[in-house]
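If you want the building blocks of each chain, they are given just below.
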Amino acid sequence: MDEVAKNRWKRFAPLLLLMLPGLLYLLINNYLPMFGMIIAFKDINFAKGIFGSDWIGLKNFEYLFKTSDAFIITRNTLLYNGAFIIVNTLGAITIAILLNEIRAKLYQRFYQSVVILPHLISMVIVSYLVFAMLSSDSGLLNKSILPLLGLEEISWYSSKEYWPYILTTVNIWKGIGFLSVIYLASIISIDPEYYEAATLDGASKWQQIRKITVPLIMPVITIMTLLAIGRIFYSDFGLFYQVPMDSGILSDTTSVIDTYVYRALMNLGDIGMSSAAGVYQSIVGFVLVILSNYTVRKFNKENALF
Amino acid sequence: MAHESKWIKWLAHSVLMTFSFACLIPFALLIISSISSEQSIINNGYSFFPQEFSLKAYDYLWDHWGELGRAYGITIFITVVGTAASLAMTSMLAYPMSRQDIPWKNFWAFFVFFTLLFNGGLVPTYLIYTQVFEIKNTIWALIVPGLLMNGFHVLLVRTFFMTSVPPALIEAAQIDGAGEIKAFYKIVLPLSMPIMATIGLFEAIMYWNDWFNGMTYVTDPSLFSIQNILNRIITDIQFLSNNSNLSSTAGEAMAEMPTTSVRMAIAVVGVLPILIAYPFFQKYFIKGITIGAVK
Amino acid sequence: MRKFPSWGIAFIVLALLLAACGSNGSSNGPAKPGESEPAKGNETEESYELTVAYFTFGSVPKDQLQIEQALNEITKEKINATVKLLPISFSAWQNQINLMLTSNEKLDLMVLMGTGYANQVSKGQLVEMDSLLKEHGSGIVEALGPDYAKAALIDGKTYGVPTIRDLAQKYGFYMPKALADKHGIDLSNVKTLDDLEPILKKIKESEPNMVPIVNSVNASPVTTFSTRDSLGDDMGVLLDNGQNLEVVNWFETEEYAATVKKMREWYLAGYIGKDAVTVKESKSDLIKAGKGGSALAAMKPGFDVQEERQTGMPIVSAEMLPPTAKTNTVTNIMWGIAKNSKNPEKAMQFLNLMYSDKDVVNLLDWGIEGTHYLKVSDNVIDYPEGVTASTVGYAGLGWMFGNQFLSYTFKGDDEQLWEKMKDFNDTAVKSKALGFTFDSSPVKTEYAAVSNVITQYRIALECGALDPDKVLPEFNSKLKDAGIEKIIAEKQKQLDAWAAAQ
């Protein structure tokens, strides 16, 4: 038995060697700094250093739960991320499938370049562009489009009910092209023989998509979704802070854990408290991922991540 | 049959056209705002037909050309070196993980995935990179921390290898006498150009757009990357205005801060080079199809 | 690439990694004490290199290194030390300083901002400097004067010294002169917010495209109009500019209720812009573009000239509230010695030069004579020919580098500017709590929660975008939920203890 194991390791030695640089990097870049999570449980004093500072238990976590907004920020974070996962995945797969249907080179190039454009613009600039649409004094929507439809002007930055839709739209607009490129890459590599056979059997396009394309890119969909679930307590700070222009009036529908932490610690600058927020977000994500991975495993062992 | 595929094509074109339009319009607004005069932006808002054009924003950037030119050089260097190293490391780690027969298969996946959920935060990372590896104010500071390899990409590439590279092909190669590494390099990689191009594109964008490493690990102005400089110009004003105590004292500093049109010009200057480099990656999406078809 | 063996790639990557690990880099690594050359002519004591960190806005001036060299010539001779200037982008400032302090990097002197000062002291980031001041800092103490020198005491000890500039603030109203003349507006009797109403009304009626009163980014028109001592953060304030020491909840006072009610009226009447809450241009830019009609502002001697430079048009202004000095107007910008410093004595000696040596101050403020400025007369300077404010190779922030009163005045400025400023500081009404700095660390949980509630409501209320009848009670009840009363009680306790020690 030992001998077999030994041989197995020997056989895989070159492969393990291939892995070495990457593993080393993760060790240095990600695992070593994890000792820093103890900062969340300490009252950091610079004169004493990180290890010498006093332990204060969970005190750094208190501010996350103490406020009456704790419910709102958690609800918002979960709802937004939940919506993003569903809408973005469906949207990106659709775009990717459609992109794959385009065969004319010129169009192919054009669409592929254009859909990724929004991903390249920073959120600060996106917030200006959104403002250009929504401003009360000079926005395109209020000045040109709404009057055209015979509708009243809307004061967007003080009407919180619209923001779930606005933020979801911006998020789709910005992220969907990027995501669709990932799906496109895996669709492109599906063996064309599958489709040829299906066509011979008289399967319609729609059937091909349902029976070949989607099942074959399912592992990619699973992994992307699991990753998104793992980060469900995190949110894109720029989207929730810059795009609503930090307008307090909107906070019922725009504030999420990350913006709460930023606003709360802006004056305090306490690294213990900010790292407490990170630890909290990570642990929730971790638990959820383990649960989802377990569920995936039950249905299809192949698709599970581990 | 032919009727149906025509219908799908038509649908694809109309959806993609609409979406492309939605992507292009704001971008056009961005470019137009960068050549609008400040006065017309303030008085009439952002507009596709500004009252008055002005190249003042680009004049402002031209004044900083010495700085910007050097920064472009740094950015190009770190993008090329970083992306190449990153692609190599990512695929080298992902390939063995994708093999069904590798020992400890699940452990590796977990080991990589865990890094995506937990991190120690900035302070300990900084301590390790500056105290142990002493990379502060070196070019490595812009390449190594955080960016060099991303667990997310590793898992993506692993999944891709698992689904798109038939194990039979690797076995066949091994029967022909190729070692593990040769099989990886001769068979697996060429079959994986689409995902390599995708990851390469993402890595290149990440390197190109990164300002965080520069902000954290570099204080020497001769090592500033382009985004680092642009980001300072944009965010300093935001921080200043958040600090109302200071802004009354700092009135003079406020006056030197760039105007809206400059911020727009900065965004344009930051994005254009990626657009120019984009076709390089695109080539491989198409190549991917042909390899698949030839096989 | 194709012919390249995969082993080769693996090796290159490994080599890259190792190089990254082992490399010290060509540029200066973090902690290399004693790197500077030994001083000439003084071989008994090795010259020490001081690292001096401060923040900048936007880009680093292109002639930064020349300034450093010129500075070192002076400092080598006077205090046998060299100086490494370390400008840090303002947006990165807090992070970078925290990181440098945690990792014990080389850092001797740094700029402090009032808002974080107490925290920095309680976290042990700063060196206590009383004895150093006595020994090497006579120039600082003398220049500051007794009242202001003790404004930065914490528990009776000094951890930072304020820079010398406008140490008090007065509040007032200003508008373009052309606009005032056109409509026959007279500012001489403007004293209260009520007095502004007819002016704003007139602008609104006759200039339909103009927003009569504008505000700064992330602020409201009344942000720069204050009759209270905010004690740094407005969570518990002293009314009447701190003439009594009772800490009250500002947001529950009648004065606050009346102010937001007034702002609501202004908003509804169209005096305040509909986009006031989300505005992204500065007041000066708005006025310059002809979009803004007027503004309230914190003022100081020389305000009109400064504002004229920014808006590009003559302005008229009226003082509405007299100059007052509070802890935060003084501790706004200070210098402190970092706990990392290997040689606090040298740091103090250099700090002393920044407060007493005219050459050092002017070098840091204006650059090198002949290159960056020319002397017009003894104390007045101008740009050399062909150089303008946007092309000059170096410009420092005068209010940051020590004693601004030693700085030359620029052509066009009042030549007596610094005398007037000194007078302004000396005659300002002083809050009874001047010198008290609140340490929020005992109540940091509540502090975080309250900060969040304030950012949620405050600016929108003060811009009039929300109806105070409905929202003000809601705001106050949320503040209570978040624990503002606990903060106020803690503040009162600290303030009483501070007052008793005086």
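Quantities reported herein were computed from a predicted structural model and do not represent experimental measurements.

Enquirer: Describe the overall build of chain C, with residues and values.
Expert: Scanning chain C from N- to C-terminus turns up 18 helices and 15 strands. The C-alpha atoms of chain C give a radius of gyration of 26 Å, which matches the 23 Å a tight globule of 502 residues would have. With respect to the three principal axes, the spread of C-alpha positions in chain C is 70 × 70 × 55 Å. In chain C, which comprises 502 residues, the share counted as buried stands at 62%. Within chain C, contacts between residues at least 6 apart in sequence are counted, and of these 77% link residues at least 24 apart. Counting 51 positive and 66 negative side-chain charges, chain C places the centres of these two groups 5 Å from one another.

Enquirer: Give a detailed account of the environment of Gly238(A), specifying residues and quantitative values.
Expert: Residue and element names in this part refer to chain A. Along the polypeptide, Gly-238 turns up in helix H11 (residues 237–241). On the basis of relative accessibility, which here comes to 11%, the residue Gly-238 falls in the buried class. As for Gly-238 and Ile-182, which are separated by 56 residues in sequence, their C-alpha atoms are 23 Å apart. Residues contacting Gly-238, with those up to four places away along its chain left out, are Met-123 and Val-243.

Enquirer: How would you sum up the UniProt feature "domain: DUF3502" (unreviewed entry) in chain C? Please name residues and give values.
Expert: Summarizing the sequence annotation, UniProt attributes the feature "domain: DUF3502" (unreviewed entry) to residues 433–500 of chain C in the numbering used throughout. Helix makes up 75% of residues 433–500 of chain C and strand 0%. Its end C-alpha atoms lie 12 Å apart.

Enquirer: Pulling in residues and values, what's your account of helix H3 (residues 93–102) of chain C?
Expert: Summarising burial for H3(C): eight of the ten residues are buried, a large majority. Among the residues of H3(C), Trp93(C), Gln96(C), Ile97(C), Asn98(C), Leu99(C), Met100(C), Leu101(C) and Thr102(C) are the ones counted as buried.

Enquirer: Give a description of the sheet that holds strand E11 (residues 333–337) of chain C that names residues and reports values.
Expert: Consider a sheet: its strands pair through backbone hydrogen bonds, and that pairing is either parallel or antiparallel. Residues and elements named next belong to chain C. Strand order in the open sheet formed by five strands is E2-E1-E3-E11-E6, with mixed pairing between adjacent strands. Across the chains shown, the open sheet's two edge strands, defined by having one partner strand only, are strand E2 (81–89) and strand E6 (161–162). Of the strand pairs in this sheet, strand E1 (residues 48–56) and E2 are connected by nine bridges, and their pairing is parallel. By the bridge assignment for E2, Val-52 is matched with Leu-85. Contacts from helix H13 (residues 344–356) reach E1, E2, strand E3 (109–113), E6 and E11 within the one sheet, and its direction differs from that of E11 by about 155°.

What counts, and where the lines are drawn
- Residues numbered from 1 in each chain as written.
- Chains lettered and ligands numbered in written order.
- Predicted model: local features only at pLDDT ≥ 70, side-chain atom pairs only at ≥ 80, totals over all residues.
- Heavy atoms only, no water.
- Helix = DSSP H or I, 4+ residues; strand = E, 2+ residues; numbered from the N terminus.
- Rg over C-alpha atoms; globule rule 2.2 N^0.38 Å.
- Buried < 20%, exposed > 50% of the residue type's maximum accessible area, 1.4 Å probe, protein only.
- Contact = heavy atoms within 4.5 Å.
- Lys, Arg positive; Asp, Glu negative; His and termini not counted.
- Charge placed at Lys NZ, Arg CZ, Asp CG, Glu CD.
- UniProt positions renumbered as here; feature names shortened; annotations may be inferred.
- Pairing = 2+ DSSP bridges.
- Axes fitted to C-alpha atoms, helices over the stretch in contact; angles between N-to-C directions.

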